[in-house]
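Fold and geometry: a report
Here is how the chains run, residue by residue.
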Amino acid sequence: MRIAVYPGSFDPFTNGHLDILERAARVFDRIIVAVLVHPSKSALFTTNKRVKMISEVTKGHKKVRVVHFNGLLVDFCRQVGACVIIRGLRAVSDYEYELQIFAVNKQLEPDLETVLLLASPQYSFLSSSIAKEVARYDGDVSTLVPPVVAEELRKAFNPRRGKKQESAQ
Ligand code: ADP
């Protein structure tokens, strides 16, 4: 069984992330989405919330499991028996960072492979930050993130707008 780990901050999970996940699921037997507990990054959503949202988004996908992790990615991969790390590549700007992570992981665990999937053209400019920025100013994020995430962004940035609409119904 070929187990792959798809690690990331996923703050929040976007349609670009989902696209990479679904494409990886066609190649590997099981994908573990590993939500990174990032001590140095200030996140909009708590780790638990991010895990919950991704679990909801991927609940129809039998091959996918969602967990959080801290510590070294290579240790986590060893623990779960993964042979591959999946990462997405949008632009040249991603490449340098991905190359750095790859080099470190390869040194720490030579048998662990990294597979970089190129972003689909329609998502190549999409990031969690862009989705948050649009949501912050009450823009339409329905093409950027799954509906579950869009609702959580709305609650995080515009809680009153939702309540008004709900009470008007
Ligand atoms: P990190 O903080 O680890 O970079 P992210 O949540 O930003 O985590 O992204 C996780 C992975 O998904 C990274 O490999 C990133 O390059 C990739 N990714 C992010 N957005 C997209 C997208 N729109 N299309 C394809 N891959 C993406």
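Conventions used here
Residues numbered from 1 in each chain as written. Predicted model: local features only at pLDDT ≥ 70, side-chain atom pairs only at ≥ 80, totals over all residues. Heavy atoms only, no water. Axes fitted to C-alpha atoms, helices over the stretch in contact; angles between N-to-C directions. Helix = DSSP H or I, 4+ residues; strand = E, 2+ residues; numbered from the N terminus. Contact = heavy atoms within 4.5 Å. Nonpolar A, V, L, I, M, F, W, Y, C, P; charged D, E, K, R; others polar. Near = heavy atom within 4 Å. Polar contact = N/O pair within 3.5 Å; in protein donor to acceptor, adjacent residues only side chain to side chain. Areas by Shrake-Rupley, 256 points an atom, 1.4 Å probe, with all protein chains shown as cover. Disulfide = S-S within 2.5 Å. Buried < 20%, exposed > 50% of the residue type's maximum accessible area, 1.4 Å probe, protein only. Salt bridge = Lys/Arg side-chain N within 4 Å of Asp/Glu carboxyl O. Core = buried A, V, L, I, M, F, W, Y, C linked by side-chain atoms within 4.5 Å. Patch = residues over 30% accessible without salt bridge, like charges linked within 9 Å, V, L, I, M, F, W, Y side chains within 5 Å. Pairing = 2+ DSSP bridges.

The next subject is the packing of helix H2 (residues 47–57) against helix H6 (residues 147–157). Axis separation between H2 and H6 bottoms out at 8 Å; the angle between their running directions is 145°. Listed contacts from H6 to Lys49, Met53, Glu56 and Val57 of H2 are Val148, Val149 and Glu152. Grouping the constituent residues of the contact of H2 with H6 by class yields 4 nonpolar, no polar and 3 charged.

This next bit is on the site of the ligand. Neighbouring the ligand are 18 residues; Ser9, Phe10, Gly88, Tyr123 and Leu126 lie closest to it. A distance of 3.1 Å is found between an oxygen atom of the ligand and a side-chain nitrogen or oxygen belonging to arginine 87. Protein coverage of the free-state accessible area of the ligand, which is 550 Å², stands at 92%. Tallied by class, residues from the shell around the ligand come to 8 nonpolar, 5 polar and 5 charged.

Another point: the state of the cysteines. Counting across every chain of the model gives 0 disulfides. With no disulfide of its own, cysteine 77 lies closest to cysteine 83 among cysteine sulfurs, the gap being 9.3 Å. Accessibility expressed as a relative area gives 1% for cysteine 77, which makes it buried. Relative accessible area serves as the criterion here: at 31%, cysteine 83 is assigned to the partly exposed category.

This structure, assessed with the given rule, holds 13 salt bridges. Linking aspartate 11 and lysine 132 is a salt bridge whose minimum nitrogen-to-oxygen distance equals 3.0 Å. Residue aspartate 11 is located in the loop between strand S1 (3–8) and helix H1 (15–25), and its partner lysine 132 is located in helix H5 (residues 128–136); the two are separated by 121 residues in the primary sequence. The exposure class of lysine 132 is buried, given its relative accessible area of 16%. Close ionic contact of arginine 23 with aspartate 19 constitutes a salt bridge, the shortest N to O distance being 3.1 Å.

Moving on, we come to the nonpolar core. Core analysis: the biggest nonpolar cluster contains 32 residues, and Ile31, Ile86 and Val145 have the highest contact counts within it. The set of elements that each furnish at least two residues to this core consists of S1, H1, strand S2 (30–36), H2, strand S3 (64–69), strand S4 (84–89), H5 and H6. Sort the elements by how many residues they give to this core and H1 lands first, with 5 residues.

This next bit is on the side chain of asparagine 105. Mapped onto the fold, asparagine 105 is located in helix H4 (residues 92–108). Setting aside anything within four residues of it in sequence, one finds asparagine 105 in contact with Leu73, Val74 and Ile85.

Attention shifts here to a nonpolar patch on the surface. A grouping of Leu72, Val104 and Leu108 is seen on the molecular surface, where their side chains present a nonpolar patch of about 260 Å² in accessible area. Position of leucine 108 relative to the elements: it lies in helix H4.

If you walk across this open sheet you meet the 5 strands as S3-S2-S1-S4-S5, and the pairing is parallel. Strands with a single pairing partner mark the edges of an open sheet, and in this sheet they are S3 and strand S5 (113–118). Neighbouring strand axes in the sheet, compared pairwise and without regard to direction, differ in orientation by 30° on average. Pairing between S4 and S5: 6 bridges, direction parallel. Paired with isoleucine 85 across the two strands is threonine 114, which belongs to S5. In the packing of helix H3 (residues 73–80) onto the sheet, contacts are made with S1, S2, S3 and S4, and the angle to S1 comes to roughly 150°.

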